[in-house]
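Notes for the structure review
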Amino acid sequence: MSPLLLASCIALAQTPPPPVVVGEGSDIVVDGVLDEPAWQAIAPVTEFNRFQPVEGGPPPGRTEVRFAQDERYLYAAIVVSDVDYRIRARVSQREDINQDDQIGIYLDTFQDERSGYIFYLNALGVQQDFRRNGDVVTFSWDAVFKSEGRVTDTGYVLEIAWPWRSLRYAKDSDTWGVLITRKVPHDNAKYSFPSMERGNPRLFTQAAALTGLRPPPAGTGLELLPQLTVIQSAVREDGADLRWAPYNPVLDVVRPSLDARLGITPNLGMAATINPD
């Protein structure tokens, strides 16, 4: 290979992905119906490429992802359409979505290419989230945010709102790193924007720039996440259909819990759980 051609290939490989511009969100209601004018005015991310199980190739159908903001929330809207397979989506416990169609949003809020927040959602808006700092992944971390999704005749629609106070970020931050993934479980494939390398240990070095952000001053704040878990049994008698047993407060379980997080600085916080599940 000639030196000139080699230099051209290296320059092409190092070309950064196009930035993702955050639009202005006015009167957005998180209901899984993208009928607000704000969404129509924002250019979507549409170019996704497969990175698992092999690299290369677009996903089935069309994928559109948009970001918006107001003084309280960072929003995302996802539309998957024109698919030729049945969407897998279950109403399940939080985090239990690994067998479903998914959208993943990865946010490097300090743009340090080392740490960030990772959010997965199935087509009905059931949430999964964790934090990553280098090689350390914290699965016990749970964010407080809103999501709604619905399956359509040709795909699904998701709408998400993260309160700024649920995230930590640098002072005067107007640009973060972002990665977006789409999982198609029926063929065990994952696709991404921008293009990702499978197994790359430096995950956030592959991120695109999420630009135009206007978050409020970062730092302190108290977050409370109350939860109520109800477990009820089902029985099957010989030769009969499965049926729910009458509720029994002794045999069945009603378990309240409370997660609390206090932000002391943008990089320091405390967390506590009462009656964890």
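What counts as what
- Residues numbered from 1 in each chain as written.
- Predicted model: local features only at pLDDT ≥ 70, side-chain atom pairs only at ≥ 80, totals over all residues.
- Heavy atoms only, no water.
- Helix = DSSP H or I, 4+ residues; strand = E, 2+ residues; numbered from the N terminus.
- Buried < 20%, exposed > 50% of the residue type's maximum accessible area, 1.4 Å probe, protein only.
- Contact = heavy atoms within 4.5 Å.
- Areas by Shrake-Rupley, 256 points an atom, 1.4 Å probe, with all protein chains shown as cover.
- Core = buried A, V, L, I, M, F, W, Y, C linked by side-chain atoms within 4.5 Å.
- Pairing = 2+ DSSP bridges.
- Salt bridge = Lys/Arg side-chain N within 4 Å of Asp/Glu carboxyl O.
- Polar contact = N/O pair within 3.5 Å; in protein donor to acceptor, adjacent residues only side chain to side chain.
- Phe/Tyr/Trp six-rings, centres within 6.5 Å; stacked < 30°, edge-to-face > 60°.

1. Digging into the overall build of the chain
A tally of regular secondary structure across the chain gives 2 helices and 19 strands. Burial statistics for the chain: of 277 residues in total, 44% are counted as buried. The contacts of the chain with a sequence gap of at least 6 include a subset with a gap of at least 24, amounting to 63%. Total accessible area on the chain is roughly 15,200 Å²; 54% of this is exposed by carbon and sulfur atoms.

2. Observations concerning the nonpolar core
F67, L107, F119, W162, W176, I180 and L210 are the most contacted members of the largest nonpolar core, which has 40 residues in total. Contributions of two or more residues to this core are made by β4 (62-69), β5 (73-81), β6 (102-108), β7 (115-122), β11 (156-163), β12 (175-184), β13 (189-193) and β14 (208-211). Not counting the four nearest positions on each side in its chain, W176 is found in contact with L74, L107, D108, T109, Q111, W164, L167, Y169, A208, A209, L210 and L213.

3. Some remarks on the sheet that holds β4
Here 5 strands make up an open sheet; going across it, the order is β2-β4-β5-β11-β10 and the pairing mixed. Among the strands making up the open sheet, the edge pair consists of β2 (23-24) and β10 (146-151). Note: β10 against β11, 6 bridges, orientation antiparallel. Bridged to V151 within β11 is Y156.

4. As for unusual backbone geometry
With the exception of glycine, the majority of residues adopt a negative phi angle, and the majority of peptide bonds are in the trans configuration. Here the bond from Q52 into P53 is cis, since omega is 5°, no more than 30 degrees from zero. Mapped onto the elements, P53 comes out in the loop between β3 (49-52) and β4. At the junction of F193 and P194, the peptide bond is cis and its omega measures out at -15° in the coordinates. Along the chain, P194 turns up in the loop between β13 and β14.

5. Remarks on the pattern of salt bridges
A complete count under the given rule lists 8 salt bridges for this structure. Residues R66 and E64 are paired through a salt bridge, measuring 3.3 Å at the closest nitrogen-oxygen approach. Summarising the burial analysis for this pair, R66 and E64 share the class buried. The salt bridge partner of R94 is D129, with a shortest N-O separation of 2.9 Å. A residue pair is termed long-range when its members are at least 10 positions apart, and R94 in the loop between β5 and β6 and D129 in strand β8 (residues 127-133) qualify at 35 residues. Relative accessible area serves as the criterion here: at 27%, R94 is assigned to the partly exposed category. One salt-bridge network, in which partners are shared between bridges, spans R94, E95, D129 and D142.

6. Topic: the pairing of β8
Counting buried residues in β8 gives 5 out of 7 residues, a clear majority hidden from the surface. Where β7 meets β8, 7 bridges bridge the pair, whose relative direction is antiparallel. Considered in β8, the bridge of L121 is made with Q127. Counting the residues between successive antiparallel strands, the hairpin from β7 to β8 contains 4 residues, one of them, G125, with a positive phi of roughly 90°. When β8 meets strand β9 (residues 136-138), the two strands line up antiparallel, connected through 3 bridges. Paired with R131 across the two strands is T138, which belongs to β9. What sits between the antiparallel neighbours β8 and β9 is a turn of 2 residues, in which G134 has the positive phi angle 65°.

7. Focus on the environment of S92
Within the secondary structure layout, S92 lies in the loop between β5 and β6. Beyond its immediate stretch of four places on either side in the chain, S92 contacts I97 and V126. Here D96 takes part through its backbone oxygen, which lies 2.9 Å from a polar atom of the side chain of S92.

8. Describing the side chain of T109
Secondary-structure assignment places T109 in the loop between β6 and β7. Classification of T109 as buried rests on a relative accessible area of 2%. Discounting residues that sit within four places of it in the chain, T109 has contacts with Y117, R168, Y169, A170, S173 and W176.

9. Let's talk about the packing of aromatic side chains
Per the stated rule, a full pass over the model turns up 13 aromatic pairs. Here F145 and W162 contribute two aromatic rings whose centre-to-centre distance is 6.1 Å and whose plane-to-plane angle is 25°, an arrangement assigned as stacked. Here W162 lies in strand β11 and F145 lies in the loop between β9 and β10, a separation of 17 residues in the sequence. Taken as a pair, F145 and W162 share a single burial class, namely buried.

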